[in-house]
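The lines below spell out each chain.
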Amino acid sequence: MRKTTGFMALLLAALLLFGCAVPGTDVTAQTDKTVTLEEYLAENRDGFTEAAERMREEDLPRMRFFCQLVMDEIRDPELVADFWQRLCAVQIRPGDGEEKTILDADICFYFEWEDGVKVTVAFASSEYFNPGNGPLLPTEDAGEVRAIARDLMQAWEMQQEESATATQQADGADIALDVSGRYTRFDWDADGDGEAESFEGCFHDNGDEAPSVIKITAVIGGEEQAVWIDRAYAIVRATPKDDAEQGRYLELEYEIGDYYGHDNTAVCNLYLDESGTLTAAGEYL
């Protein structure tokens, strides 16, 4: 869903500060020739070579983006790999860096692996690559970057339509869980406004020292909210419910226990309380 300009500007600022300014990055290296982003980042961005190797091994990350005042995530692994390859092939001119203070049409791709490896590729409009600090570097073909941004938004809009259709079909039935490694993703219309929010469940492994937990997050009302499910090892089912007593809620069934055994299942209810706060209620919470 689209966000307000002010809110997205704050989110973008935080994202760029977190992802683009990589400690130890040498962004001052200049050449007189055109190079691909893959060549430039391999030379100037710490961790990029490792990330590129993992992509070739089909160890795919999650991919968030900011474009046209929309911040969201592309969940199709094939599209993630395709956008990575297209971004790596974009040509820039490092020797023609320009000092500019106005970023008029930011486009940012944010790749992150489960173990914390991150790569951010940002453009200050289609005409300039933003290395994170230092001068902006001109792109050789701005039309190529615009085409990537156009295809990105088309893919996102199609994803939104598919999510809305899935939500309608899931009314009163199990919601499909998208499980990738230790992440669980699902869409559910928590506030009943007709548009599904995207939820993520992240498993936090505490080993044998303490029972593990699952953290569930979602952006609701323009703010990220989170709840924790203690002693949870995997979400196995999500069923939307709506009754006169409880109101609208999502029934989550999950594996419960500790390091030595978690074959039993438990149920908790996920819902928004009267203040719009994401809440989880169950026997073990």
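The structure this text deals with has already been given above.
Rules of the game
- Residues numbered from 1 in each chain as written.
- Predicted model: local features only at pLDDT ≥ 70, side-chain atom pairs only at ≥ 80, totals over all residues.
- Heavy atoms only, no water.
- Helix = DSSP H or I, 4+ residues; strand = E, 2+ residues; numbered from the N terminus.
- Buried < 20%, exposed > 50% of the residue type's maximum accessible area, 1.4 Å probe, protein only.
- Contact = heavy atoms within 4.5 Å.
- Areas by Shrake-Rupley, 256 points an atom, 1.4 Å probe, with all protein chains shown as cover.
- Polar contact = N/O pair within 3.5 Å; in protein donor to acceptor, adjacent residues only side chain to side chain.
- Patch = residues over 30% accessible without salt bridge, like charges linked within 9 Å, V, L, I, M, F, W, Y side chains within 5 Å.
- Salt bridge = Lys/Arg side-chain N within 4 Å of Asp/Glu carboxyl O.
- Lys, Arg positive; Asp, Glu negative; His and termini not counted.
- Charge placed at Lys NZ, Arg CZ, Asp CG, Glu CD.
- Core = buried A, V, L, I, M, F, W, Y, C linked by side-chain atoms within 4.5 Å.
- Phe/Tyr/Trp six-rings, centres within 6.5 Å; stacked < 30°, edge-to-face > 60°.
- 1 Å grid on protein atoms, 1.4 Å probe; cavity = no way out; pocket = protein on both sides within 12 Å on 5 of 7 lines; lining within 4 Å.
- Points joined across faces, edges and corners; volume = space filled by probe spheres on them.
- Nonpolar A, V, L, I, M, F, W, Y, C, P; charged D, E, K, R; others polar.

Novice: Talk me through the overall build of the chain; I want residue IDs and the actual numbers.
Specialist: From N to C terminus, the chain includes 5 helices and 17 strands. Split into buried and exposed, the 285 residues of the chain put 42% on the buried side. For the chain, contacts bridging at least 24 residues in sequence account for 52% of all contacts bridging at least 6. Accessible surface, the chain as shown: approximately 14,800 Å² in total, 45% of it carbon and sulfur.

Novice: Please give an account of the side chain of arginine 185 that cites residues and values.
Specialist: Within the element layout of this structure, arginine 185 appears in strand β10 (residues 183-188). A polar atom in the side chain of arginine 185 sits 3.3 Å from the side chain of glutamate 73. With near-sequence residues (within four places) excluded, arginine 185 lies in contact with Arg62, Glu73, Arg75, Ala176, Leu177, Asp178, Ser180, Phe199 and Glu200.

Novice: Lay out a negative patch on the surface in plain terms, naming residues and giving numbers.
Specialist: Together, Asp76, Glu78, Glu161 and Glu162 line one region of the surface with negative charge. With respect to the helices, strands and loops of the structure, glutamate 161 is situated in helix α5 (residues 142-169). The exposed category is assigned to glutamate 161, whose relative accessible area is 55%.

Novice: Provide a residue-level description of the pattern of salt bridges, including the pertinent values.
Specialist: A side chain with one charge can pair with a side chain of the opposite charge if their charged atoms come near. Counting across every chain of the model gives 16 salt bridges. Ionic pairing is found between glutamate 53 and arginine 56, a salt bridge with its closest N-O pair at 2.9 Å. Of this pair, glutamate 53 and arginine 56 both sit in helix α3 (residues 48-56), 3 residues apart, which is roughly one turn of that helix. On the accessibility criterion, arginine 56 (53% relative accessible area) is exposed. Measuring nitrogen to oxygen at the nearest pair gives 2.9 Å for the salt bridge that ties glutamate 73 to arginine 62. Here the residue glutamate 73 occupies a position in strand β3 (residues 70-74), and arginine 62 occupies one in strand β2 (residues 62-67), the gap between them amounting to 11 residues.

Novice: So what's going on with the side chain of glutamate 197? Which residues, and what values?
Specialist: You can see glutamate 197 is positioned in strand β11 (residues 197-204). Of the buried charged residues, glutamate 197 lacks a salt bridge, with arginine 248 as the closest side chain of opposite charge at 7.3 Å. At 2.9 Å, the side chain of glutamate 197 and the backbone nitrogen of alanine 190 are in polar contact.

Novice: Tell me about the nonpolar core, and please be specific about residues and values.
Specialist: Within soluble globular proteins, side chains that are nonpolar generally end up buried alongside one another. Judged by nonpolar contacts, the single largest core of 37 residues is most densely connected at Trp84, Phe109, Val121, Phe123 and Phe129. Among the elements that make up this core, the one with the highest residue count is α5 (7 residues). In terms of nonpolar packing, the next biggest core, distinct from the first, is built from 24 residues, Ile214, Val227, Tyr254 and Leu270 among them.

Novice: Residue-level account of the packing of aromatic side chains, with values.
Specialist: Overall, the coordinates contain 10 aromatic pairs when judged by the stated rule. Ring geometry for phenylalanine 83 and phenylalanine 109: centres 6.1 Å apart, planes at 40°, overall tilted. With phenylalanine 83 in helix α4 (residues 77-89) and phenylalanine 109 in strand β5 (residues 106-112), this pair connects stretches of sequence that are 26 residues apart. As far as the burial class goes, phenylalanine 83 and phenylalanine 109 line up, both buried. Ring centres of phenylalanine 186 and phenylalanine 199 lie 5.2 Å apart, and the angle between their planes is 5°; on these two criteria the pair is classed as stacked. Within this pair, whereas phenylalanine 186 is found in strand β10, its partner phenylalanine 199 is found in strand β11, the two being separated by 13 residues in sequence. The buried category is assigned to phenylalanine 186, whose relative accessible area is 3%.

Novice: Before we move on, could you go through the layout of surface pockets and cite the residues and values that matter?
Specialist: Roughly 510 Å³ of internal volume is contained in the second largest pocket. Ile74, Arg75, Asp76, Pro77 and Arg185 are the residues nearest the centre of the second largest pocket, which is lined by 25 residues in total. Secondary-structure elements contributing two or more residues to the lining of the second largest pocket are β2, β3, α4, α5, β9 (178-180) and β10. With 5 residues, α5 is the largest single contributor of residues to the lining of the second largest pocket. Of the residues in the lining of the second largest pocket, the class split is 11 nonpolar, 3 polar and 11 charged.

Novice: Would you mind going over the environment of tyrosine 271 in detail, with residue names and values included?
Specialist: Secondary-structure assignment places tyrosine 271 in strand β16 (residues 261-272). Tyrosine 271 sits 31 residues away from proline 240 along the chain, and the two C-alpha atoms are 9.9 Å apart.

These figures come from the coordinates and say nothing about function on their own.
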